[in-house]
Amino acid sequence: MATKKTLYEKIWDQHVIVEEQGKPSIIYIDLHLIHEVTSPQAFEGLRLAGRQVRRPDLTFATMDHNVPTKDRFNITDPISKQQIDTLTTNCEEFGVKLFDLNSIDQGVVHVMGPELGLTHPGKTIVCGDSHTSTHGAFGALAFGIGTSEVEHVLATQCLQQSKSKTMEVRITGEMNPGITAKDIILGVIAKYGTDFATGYVIEYTGKAIRQLSMEERMTVCNMSIEAGARAGLIAPDEVTFEYLRGREYAPQGEAYEQAVANWKQLVTDEGAEYDTVVELDASTLIPQVTWGTSPGMGTDISNVVPTPSEFPTDNQRKAAEKAIEYMGLTPGTPMTDIPVDVVFIGSCTNGRIEDLRAAAQIAKGYKVSENVKAMVVPGSGRVKLQAEKEGLDKIFTEAGFEWRDAGCSMCLAMNPDYLLPGERCASTSNRNFEGRQGRDGRTHLVSPAMAAAAAIKGRFTDVRDWELKA
Ligand SMILES: CC(C)[C@H](C(=O)O)[C@@H](O)C(=O)O
Ligand code: SF4
């Protein structure tokens, strides 16, 4: 009988070109996504070596990090402008398809790829960006690479890579109303820490995962990297196949049916063993909010800011003390008493249409607190268009949210959207490190519904108690 394999091992085996004991392997890359921040030196390297892009047909580019989301063609920062212009020139020169600021498909690279149907089960996908793990939601082996690796993939369509260990993150039970995919992943990281998956590729399994939509699965896989994992995977199923059906770059007609038949093989075999297994019961989850400066420093909305002395290890006590000081919080304060100045709804974690629908549902008929500056930034031009078709933009603007263009925006302070020193933000993004959203800015990670509710109340609030207006 054939050996039983995990999903990761199956994809790995299908892509290994050279495998030698004690050395990294060489694997084939099916899809290479590119953005303006990590590609300029890679293209420059090709140019200096007189090389071409090996497979321009497997390479797709967009601009996201530096794009202003208000007045997008007016890029005043010289470095941002240079990165954007350089990407345009490089894509022209090397024949790479670019979704630029004139394209409806421009957007955060990890929103764009799946939306266009470029992301398929079983593919190996790389991008010079850590949140490439997002694409694992389709059962693709997707991970971030560095700029020199971007150059290597451009030149050869291959990558040196060591095989990872496998970890099953089993999400049992069912989520209660008001709980979202963001709460699952924040809950996992709060429980197990930001490095429990270092050296592993995670496969998320269990009933709660099976019940998620594709967009929710992307939210979970997106933050795998915040648990230290190389990548996160979810085995494809009918939800995946339905999502991909008819998308521009998905196989069409007969080829689609054939692809689905192949994709159905992409599951972990019954009896295959993971190197490690961890579990979380989704039915125990409560809306999550981070209080500190790492995604693992999170807690239930019904809880209080922790007291550092209560942490078990010296390192944790010190880290908590430092984080609480940076965040300007006081131990014992109920999370629902923390006021916010800014609300950011967007990013590759939560900038898709379902996220905007969830936020709009909360915001409908309410007004943003007068002390809060709130913005909604669609993950892509297509998300924006769809939201406008559904009238979500009206709900947001009537409530007092700003309605922006697609880009990374306030997820990271690389464009005109950033926090001022001391400002406190409820953010649907994935990182809350010191200075992440602006120097001395304070970030609390939450779900889109929780962010919208915070915008209206002017402080964190439990969405489970929210009164929806028709
Ligand atoms: C700028 C880019 C390289 C970076 C990443 O790799 O993740 C960014 O997207 C981020 O989220 O911090
Ligand atoms: S939205 Fe944020 S996390 Fe995602 S790619 Fe952009 S900067 Fe990185």
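In this report, we go over the structure that sits alongside the text. Predicted model only: the values in this text are computed from it and were never measured.

A few words now on the sheet that holds strand 1 (residues 16-18). Hydrogen bonds between backbone atoms are what pair the strands of a sheet, whose relative direction is either parallel or antiparallel. Taken in spatial order, the three strands make up an open sheet running 1-2-8, and their pairing is antiparallel. If you trace the sheet from one side to the other, it starts and ends with strand 1 and strand 8 (158-161), each paired once. On average, each strand axis in the sheet is inclined to that of its neighbour by 40°, with strand direction left out of account.

This brings us to the pairing of strand 16 (residues 373-376). As defined by bridge partners, strand 15 (residues 342-345) adjoins strand 16 across four bridges and the pair is classed as parallel. Bridge pairing in strand 16 links valine 342 to lysine 373. Of the strand pairs in this sheet, strand 16 and strand 17 (residues 402-403) are connected by two bridges, and their pairing is parallel. Across the sheet, the residue bridging to valine 376 is tryptophan 403, located in strand 17.

Around ligand 2, the surrounding shell consists of His65, Val108, Asp129, His131, Ser347, Cys348, Cys408, Cys411, Leu412, Asn430 and Arg436. There are two domains that each give the shell around ligand 2 at least three residues, and those are domain 1 (7-162 + 243-257) and domain 3 (288-465).

The subject of this paragraph is the site of ligand 1. Contacts to ligand 1 come from Val37, Thr38, His65, Gly128, Asp129, Ser130, His131, Arg431 and Arg436. The side chain of histidine 131 places a nitrogen or oxygen atom 3.5 Å from an oxygen atom of ligand 1. Within the side chain of arginine 436, an N or O atom sits 2.7 Å from an oxygen atom of ligand 1. Summarising the interface, the protein chains cover 79% of the accessible area of ligand 1, which totals 310 Å² for the free molecule. Classifying every residue of the shell around ligand 1 gives one nonpolar, five polar and three charged.

Conventions and cut-offs
Along each chain, residues carry numbers from 1 onward, in the same order as the chain's sequence is written. Whichever chain is written first becomes A and whichever ligand is written first becomes 1, with later ones labelled in order. In keeping with the predicted nature of the model, local features appear solely for residues at pLDDT of at least 70, side-chain atom pairs appear and are counted solely at 80 or more, and the whole-chain, interface and lining totals rest on all residues. Processing note: side-chain calculations cover all non-hydrogen atoms of the structure and skip hydrogens and water entirely. Any two strands are treated as partners once DSSP identifies two or more bridges connecting them. Where helices and strands are cited, they refer to DSSP runs of H or I of at least four residues and of E of at least two residues respectively, numbered from the N terminus. Orientation is described by axes fitted as lines to C-alpha atoms, over the contacting stretch for helices, and by angles from 0 to 180 degrees between their N-to-C directions. A single heavy atom is enough: if one lies within 4 Å of a molecule or strand, its residue is considered near that molecule or strand. Source of the domain bounds: an automatic or database domain assignment. Polar contact is the term for a pair of N or O atoms within 3.5 Å; when the atoms are in protein, one must be able to donate a hydrogen and the other to accept it, and sequence-neighboring residues count only if both atoms are side-chain atoms. Here the open area of atoms and residues is found with the Shrake-Rupley method and a 1.4 Å probe, where only the protein chains shown may cover a residue. Here the term charged refers only to Asp, Glu, Lys and Arg, the term nonpolar to Ala, Val, Leu, Ile, Met, Phe, Trp, Tyr, Cys and Pro, and the term polar to all other amino acids, Gly among them.

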